[in-house]
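One letter stands for each residue in the lines below.
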Amino acid sequence: MSEQSVIESIARLVPKGSRVLDLGCGDGALMAYLQHHRRCSGYGVEIDDSKVLACVKRGVNVLQLNLEDGLAVFEEGSFDVVLQIDTLQHLRNAETMLRETARVGRSGVVAFPNFAHWPNRLAVLQGHMPVTKRLPYQWFDTPNIRVGTHADFITLAGNCGLRIEDSFGLHEGREVRTLPNLMASTAVFRFTTNNL
Amino acid sequence: MIVTPQTQHFAEPLVLKSGAVLPAYDLVYETYGQLNAGRSNAVLVCHALNASHHVAGLHADANGDPVARSEGWWDNMIGPGKPLDTSRFFVIAVNNLGSCFGSTGPTHTNPATGQPWGADFPVVTVEDWVNAQARLLDLLNVQVLAAVMGGSLGGMQTLSWTLQYPDRVRHAVVIASAPNLTAENIAFNEVARRAIVTDPDFCEGHYLREGTLPRRGLRIARMIGHITYLSDDVMNAKFGRSLRARDDTEAVQAAELAYRYTTQDVEFQIESYLRYQGDKFSEYFDANTYLLITRALDYFDPAREHDGVLSDALARAKAKFLLISFTTDWRFSPARSREIVKALLENRCDVSYAEIDAPHGHDAFLLDDPRYLEAVRAYFEQTVAQEVAA
């Protein structure tokens, strides 16, 4: 999910000059954008060798760590914004990671594929797991080990002590603010934590 | 790339961390590439335990012809077009004080006695080495280094550079290193040192004066060290439980598949290999140097003066960092590198960290892992080079 329009729409949620931690930062495109266009500083976290290398090539600070091991290297409340863009669905310990986010960040932005998007609902009604542009994998061969919905996240966020400030959907590069749980392939949340 | 080592004499005394004073000394060094007009492209490479100033290129014989197999110990990393590209950077490699490869050390003459220093050579620390290197850079007219880089003990010197001379280092590349040695590390060093000092030929460190050499002790020290640089997996893959072939003919080899039930002779391949490594090492390395360098490793601990709080110690650092560790390195494990990363994060330093999943143990930092070499290349090309040009 590193198309320019998505990057721009996520970046708008990150205040200028903030100190950012991007969990699962991929090739570092979003961090690079935030550095250049919004004067942000910070670090990306990534596990994949080739993506770590891509970050170094972009001049993005990157830390090769396994998010499943937690965020022990980061101090409490040490970031203005913690990003988890298309990361949560790959994690076994998604809830722990959200709690860790609440610990190290003063606010956060989370985006993940919204399983309740109507084409997915249709596929399940027809008796099949969806295979779409946003969820392009067969059920038996997918890196997405957590499938959740826009509506589900609101419950989880509450459990983790996050205060949702804004939420919307993203679909084909556009923000969806009407019925995002039904109408958008991606769920996006901006929240604050108790560290504020 | 043909290189010639150079020697710089320093007449001004060097006060060591221990309080001892080295009245005068020589440093041997090599340089590669050209210093640019802005003097902004110098990179200092620090050496590890048994290495020297000869990091890259080949030495030449009296006729100017390259000497076969005289490549520097980091020749896969440093040279024209290599990850640390000498067509772009001016690379300086210095042989540390106390070494047996040229710089003033225990094998040299003690001016006070006219005899080899031997055991009387003062104990040197990582900080002392950095101070001596800084003096050489002054003479080379390099005030600010684009980067300092080193692996293992070289990584400790690199870290120390960022604390002793924070304004002189733009980037620090710290590979397979640690903020201090663990008790287990010190224990290995101590076993190696005891092997040396209990060798009857050690003569309390004055073996040169006595015309002997503590080869047996040095051999065992090297065998211990060597085991800790490899991983169990690599040793198993390379040697397993194979018996050493004692003859090349097939019939004899078949007969020798059985144990010989000896406790004194070499039975397994790994024994043969360790003995070979130990023998080779004892022929070219100085025992007192081994003692000094392992002690410098033991002593290194920048957090010590800050109640053990590493982040307080690193608060002085102004450099940007690249740290690299290797998953199977148990001598300088990734967890130790992550301690440095954590302390740098607490100081809001710019830091990148690559944890390379390589099988080779500590030795990996000298080997050709493309993920590792590419990470270093990318860092020098993108991050370091940018500021060199600016």
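In this text, all values refer to a predicted model and were calculated from it rather than measured experimentally.

What counts, and where the lines are drawn
Residues numbered from 1 in each chain as written. Chains lettered and ligands numbered in written order. Predicted model: local features only at pLDDT ≥ 70, side-chain atom pairs only at ≥ 80, totals over all residues. Heavy atoms only, no water. Contact = heavy atoms within 4.5 Å. Buried area = accessible area lost by both parts, 1.4 Å probe. Salt bridge = Lys/Arg side-chain N within 4 Å of Asp/Glu carboxyl O. Polar contact = N/O pair within 3.5 Å; in protein donor to acceptor, adjacent residues only side chain to side chain. Helix = DSSP H or I, 4+ residues; strand = E, 2+ residues; numbered from the N terminus. Buried < 20%, exposed > 50% of the residue type's maximum accessible area, 1.4 Å probe, protein only. Pairing = 2+ DSSP bridges. Core = buried A, V, L, I, M, F, W, Y, C linked by side-chain atoms within 4.5 Å. Domains from an automatic or database assignment. Axes fitted to C-alpha atoms, helices over the stretch in contact; angles between N-to-C directions. Parallel < 35°, antiparallel > 145°, perpendicular 65-115°, else oblique. Left-handed = near helix turned anticlockwise from the far one by under 90°. Nonpolar A, V, L, I, M, F, W, Y, C, P; charged D, E, K, R; others polar. UniProt positions renumbered as here; feature names shortened; annotations may be inferred.

Talk me through the interface of chain A and chain B; I want residue IDs and the actual numbers.
How big an interface is tends to be stated in terms of the accessible area lost upon association of its parts. Taken together, the contact pairs 19 residues of chain A with 21 residues of chain B. Between chain A and chain B lies a buried interface of about 1,700 Å² when both sides are counted; carbon and sulfur atoms form 56% of it. When residues of chain A are sorted by the area they lose upon contact with chain B, A:Val56, A:Gln64 and A:Val73 head the list and together hold 29% of the total. Seen at the junction of chain A and chain B, the total is two salt bridges. Between A:Glu75 and B:Lys342 there is a salt bridge whose closest N-O contact spans 3.6 Å. The interface formed by chain A and chain B holds seven residue pairs in polar contact (both at pLDDT 80 or more) in total. Only helix H3 (49–58) and strand E3 (62–64) of chain A provide two or more residues apiece to the side of chain A that touches chain B.

Before we move on, could you go through the pairing of strand E8 (residues 90–94) of chain B and cite the residues and values that matter?
Residue and element names in this part refer to chain B. Most of E8 sits out of view: five of its five residues are buried. Burial along E8 is two-sided: Phe90, Ile92 and Val94 facing one way and Val91 and Ala93 facing the other are all buried. Sheet analysis places strand E4 (residues 25–32) next to E8, joined by four bridges and oriented antiparallel. The partner of Glu30 across the bridge, within E8, is Ala93. Relative to E8, strand E5 (residues 42–46) runs parallel, the two being bridged by four bridges. Looking at E8, one finds that Val45 is bridged to Ala93.

Could you give an account of the nonpolar core, with specific residues and numbers?
In terms of nonpolar packing, the biggest core is built from 87 residues, with A:Phe74, B:Trp161, B:Tyr290 and B:Phe321 touching the most fellow members. When residues of this core are assigned to domains, at least three map to each of domain 1 (6–180 + 301–387) and domain 2 (186–248 + 256–292) of chain B. Contact partners of B:Trp161, with chain neighbours within four places excluded, come to B:Leu44, B:Cys46, B:Val130, B:Gln133, B:Ala134, B:Leu137, B:Leu145, B:Val148, B:Pro166, B:Arg168 and B:Val169. Within the second largest apolar cluster, 67 residues are counted, among which are A:Leu53, A:Val109, B:Ala146 and B:Val376.

Let's hear about the packing of helix H1 (residues 126–139) of chain B against helix H2 (residues 153–164) of chain B: which residues, and what values?
Residues and elements named next belong to chain B. At a closest axis distance of 9 Å, the pairing of H1 and H2 adopts a crossing angle of 70°. Classed by the angle they form, the pair H1 and H2 counts as roughly perpendicular. Between H1 and H2 lies a crossing of right-handed hand. Listed contacts from H2 to Val126, Glu127, Trp129, Val130, Asn131, Gln133, Ala134 and Leu137 of H1 are Leu153, Met156, Gln157, Ser160, Trp161 and Gln164. Each residue belonging to the contact of H1 with H2 can be placed in one class, and the counts come to eight nonpolar, five polar and one charged.

How would you summarise the pattern of salt bridges if you had to cite specific residues and measurements?
Two side chains of opposite charge can pair, provided their charged atoms sit close to one another. By the definition in use, this model includes 33 salt bridges over all chains. B:Asp298 is paired through a salt bridge with B:Arg295; the nearest N and O atoms lie 2.9 Å apart. You can see B:Asp298 and its partner B:Arg295 sitting in helix H9 (residues 287–299), three residues apart, about one turn around the helix. Overall, the relative accessible area of 31% leaves B:Arg295 in the partly exposed class. Three or more residues are tied together by salt bridges with common partners; here these are A:Arg12, A:Asp166, A:Glu175 and A:Arg177.

Tell me about the UniProt feature "active site" (unreviewed entry) in chain B, residues and numbers included.
Residues and elements named next belong to chain B. Following the UniProt record, one finds the feature "active site" (unreviewed entry) at Ser152, Asp329 and His362. The largest pairwise C-alpha distance within this set of annotated residues, which runs over 211 residues, is 10.7 Å, so the set is compact in three dimensions. Excluding its chain neighbours within four sequence positions, the residues that come into contact with Ser152 are Ala48, Ile175, Ala176, Ser177, Phe332, His362 and Phe365. Classification of Asp329 as buried rests on a relative accessible area of 1%. Not counting residues within four places of it along the chain, the set of residues in contact with Asp329 comprises Ala176, Pro334, Gly361 and His362. From its side chain, Asp329 meets the backbone nitrogen of Arg331 in a polar contact 3.0 Å long.

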